[in-house]
Amino acid sequence: MATFKPKFWRPGDEDPRSILQEERVYESGEQYAVYNPYLSMTIQQQRQKLPVFALRTHILYLVETYPVVVIVGHTGCGKSTQVPQYLLEAGWTGQRYKIAVCQPRRVAAVTLAKRVSEERGTMLGDEIGFHVRFDQCYDAETTSIIFLTDGMLIREIFSDPLLTKYSVIMVDEAHERTQHTDILIGLLKKILARRKDLRVIIASATLDAAEVKNFFNTNLTDNPKLDTATILSIEGRGYPVDIHYAIDPLPNYVQATVETILKIHHNEVPGDILAFLTGQDEVETVVHQLIQEARRMGQDVKMKMKVLRMYGSLPASEQLKVFDRTAKTTRKIVVATNIAETSVTIHGIVFVVDCGFVKLRAYNAETGVESLITVPISQASADQRAGRAGRVRHGKTFRLYPESEYNKLSAATVPEIQRSELSPVILQLKALGVKNVLRFNFLSAPPAMNMLHSFELLYALSALDEDGDLTTPLGMNMAEFPLSPMFAKMLLTAADFECTEEALTIASLMQIENVFVSPSNEKKAAERAKTKFSVHEGDHITMVNVYNAFLEHNKSSQWCAENYLNLKGLNRACNIRNQLKQMLKKFKVQLVSCGDNTELLQRCIAAAFFANAARLHYDGTYRTIRNNHCLHIHPTSVLYTDTPPQWVVFNEVIQTNKDYMRDITTIRPGWLCELAPHFFQFGTESEIAKKRAKFT
């Protein structure tokens, strides 16, 4: 099959379908190095060259004067690394206070902590530390600045409602508007009403600063001197970026990404490449193809390729590799999800390849299904991605879509809290003592129907009682788990089904995006290897088999390679499992194993995921029991066979051209009647109609 090679054009060209005319023409023998005029300077001198340094005094004055300061700083201005240090140097950590810097992503928290500790000349974990889910590096006594995820700070509020150990809390990258970010902003507004000495900084590159200022500002008069919030803008240190668009829409943006990267590598001057894709599968596909191409090129080339991957579930040690410098004869190519859009800054990027799509979670209140869907990015995201090419010198961005499509994109991404299933949000707010969640002061209010369905689910899971309060101890314990309510329920009730050990294994492995590896040129061999672990009970119990075999072979890397398993992911799952196990011990949950009795484990899964039950329809599709929504088994599931099971429960839905169930376990319909009689109505259609008629 012929390979499709995309072509690009710059806006303003008279004939867009002619051969691309570059804005700058370079002589073939000329060499260009990545430009960093401050490389020879000391770290302190480099700090002073950042745009934010010119406003150091202004920032400290505003923090001293106003309870809330909204900082809008373009990417590269230094706000994330320098503002916490300015506060530290100004004495805001006196009297054993600390400064918290919240990030929406774990990789950003870890990398920023590492960078700031280097600038301070201290060991990571001493003066500067980090705290992310399932990983931490800080000292409770000596650490002055803690970089942590929004979710971890929310969990600290459980034990310290007023965050009394912090003098300043900085919410960075607030424009991403994750669920945790919006909850934290709402909680901080309540805390500020009780703590007049606390200072809050909201920092972002593209946030609507006026909206945030008005949210925090308690001044009801026309006198601006009485404002309790203010805005400060910082100009970034950027270079011009040429934007190149595809002439026509592309049939396959994944393959087009590979072709574009190779075109840049063979035809452009030295400079690193950053490519954006939607998920781990796409990243791995592109990385594999590029590595194969690099091997075909051999060693006798002027410019070699160093291909690296970056996505959220990648271990921190692997993520940090993208920040390593490369030799002048090597071009670094980073293939990433939107994690590299704003959260982290990778040195040396000159070329950006933008696929134009992103994966987002979206909840449909009518069907009761939360799907992971691929949607076009917003204009703000597209501009952020393009800006990554202009950090070190003049750059170029190649957008794999026409300019006409860019003009149709929405201005900004819808906040996660307005498009998600809200049971985790409600559970956390209830645990924090928010009696009436509906009246909680959200920055952007979520849809009422989403709230209603989430309340119903938590009540069905026995996390809430009839009055809407947390049940004791189940509801309170579920709120403490850093997992979804369904997984928390499965773990906390596993002892009742005598399968705690297996439930721990499933919960930990479900935090890893891909346990099985399937190289594009070895798909058949990978499928054969997968069948060694597959069982007709479904994906969850298949995961248990993988984990047990992994331990039996002493976590061997060779064994993982032979069986096409993700070694790094399995090792991370082991670490997560140990931490979850400690939490179960804390809650005095008995640790027992069901051995070969998989029915006990299936019943345990059904008792937690009953809301995600589906039955096989006569047309070959599946229909959810709750809303009769049409679903299909995902092709990667072990249950994707010629004889599909009649009844299943699933973990999540992925939406592409169809709605696919992923992570599936077979069940018996009678279990739903036994384990969730309060959630389902049983009987024939006429019997159920009669029952409903009594309440109308």
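Given the structure is predicted, the values throughout are model-derived calculations rather than measurements.

Trainee: Quick rundown of the overall build of the chain? Include the residues and the values.
Mentor: Per the secondary structure count, the chain includes 24 helices and 22 strands. Relative to the globule expectation of 26 Å for 696 residues, the C-alpha radius of gyration of the chain, 26 Å, shows essentially globular dimensions. Seen through its principal axes, the chain has C-alpha atoms that stretch 75 × 70 × 50 Å. Taking all 696 residues of the chain together, the buried fraction comes to 56%. Put simply, 73% of the contacts in the chain that link residues at least 6 apart link residues at least 24 apart.

Trainee: How would you explain the nonpolar core if you had to name every residue and give the values?
Mentor: The biggest cluster of nonpolar side chains holds 115 residues, and the ones touching the most others in it are Ile 169, Ile 202, Phe 481 and Met 490. With near-sequence residues (within four places) excluded, Phe 481 lies in contact with Arg 155, Ala 488, Leu 491, Leu 492, Leu 580, Met 583, Leu 584 and Phe 587. Membership of the second largest hydrophobic core comes to 33 residues, among which are Tyr 66, Ile 71, Phe 130 and Leu 232.

Trainee: Tell me about the UniProt feature "domain: Helicase ATP-binding" (unreviewed entry) in the chain, and please be specific about residues and values.
Mentor: The UniProt entry lists residues 60–225 under the feature "domain: Helicase ATP-binding" (unreviewed entry), expressed in the numbering used here. The span residues 60–225 is 40% helix and 22% strand, and its two end C-alpha atoms sit 18 Å from each other.

Trainee: Describe in detail the side chain of Asp 659, supporting the description with residues and values.
Mentor: Note on placement: Asp 659 falls in strand β22 (residues 659–666). It is Arg 623 that comes nearest to the buried, bridge-free Asp 659 among opposite-charge side chains, at 10 Å. At 2.7 Å, the side chain of Asp 659 and the side chain of His 629 are in polar contact. Among all residues touching Asp 659, those that are not within four sequence positions of it are His 629, Cys 630, Leu 631, His 632, Val 653 and Ile 654.

Trainee: Requested: an account of helix α13 (residues 423–431), with residues and values cited.
Mentor: Of all nine residues in α13, seven are buried; the element is thus mostly enclosed. Among the residues of α13, those classed as buried are Ser 423, Val 425, Ile 426, Leu 427, Gln 428, Leu 429 and Lys 430. Following α13 by one or two positions, Gly 433 adopts a phi angle in the positive range, close to 90 degrees.

Trainee: Pulling in residues and values, what's your account of the pairing of strand β8 (residues 199–204)?
Mentor: Counting buried positions along β8 yields six of six residues, so the element is predominantly enclosed. Burial along β8 is two-sided: the residues Arg 199, Ile 201 and Ala 203 and Val 200, Ile 202 and Ser 204 are all buried. Relative to β8, strand β2 (residues 68–73) runs parallel, the two sharing five bridges. When the sheet's bridge partners are listed, Val 68 is paired in β8 with Val 200. Judged from the four bridges that link them, strand β7 (residues 166–171) and β8 form a sheet pairing that is parallel. Paired with Val 171 across the two strands is Ile 202, which belongs to β8. Between β7 and its parallel partner β8, the chain crosses via helix α6 (residues 179–194), and the hand of that crossover is right-handed.

Calculation rules
Residues numbered from 1 in each chain as written. Predicted model: local features only at pLDDT ≥ 70, side-chain atom pairs only at ≥ 80, totals over all residues. Heavy atoms only, no water. Helix = DSSP H or I, 4+ residues; strand = E, 2+ residues; numbered from the N terminus. Rg over C-alpha atoms; globule rule 2.2 N^0.38 Å. Buried < 20%, exposed > 50% of the residue type's maximum accessible area, 1.4 Å probe, protein only. Contact = heavy atoms within 4.5 Å. Core = buried A, V, L, I, M, F, W, Y, C linked by side-chain atoms within 4.5 Å. UniProt positions renumbered as here; feature names shortened; annotations may be inferred. Lys, Arg positive; Asp, Glu negative; His and termini not counted. Salt bridge = Lys/Arg side-chain N within 4 Å of Asp/Glu carboxyl O. Polar contact = N/O pair within 3.5 Å; in protein donor to acceptor, adjacent residues only side chain to side chain. Pairing = 2+ DSSP bridges. Right-handed = clockwise from strand over helix to strand, strands pointing away.

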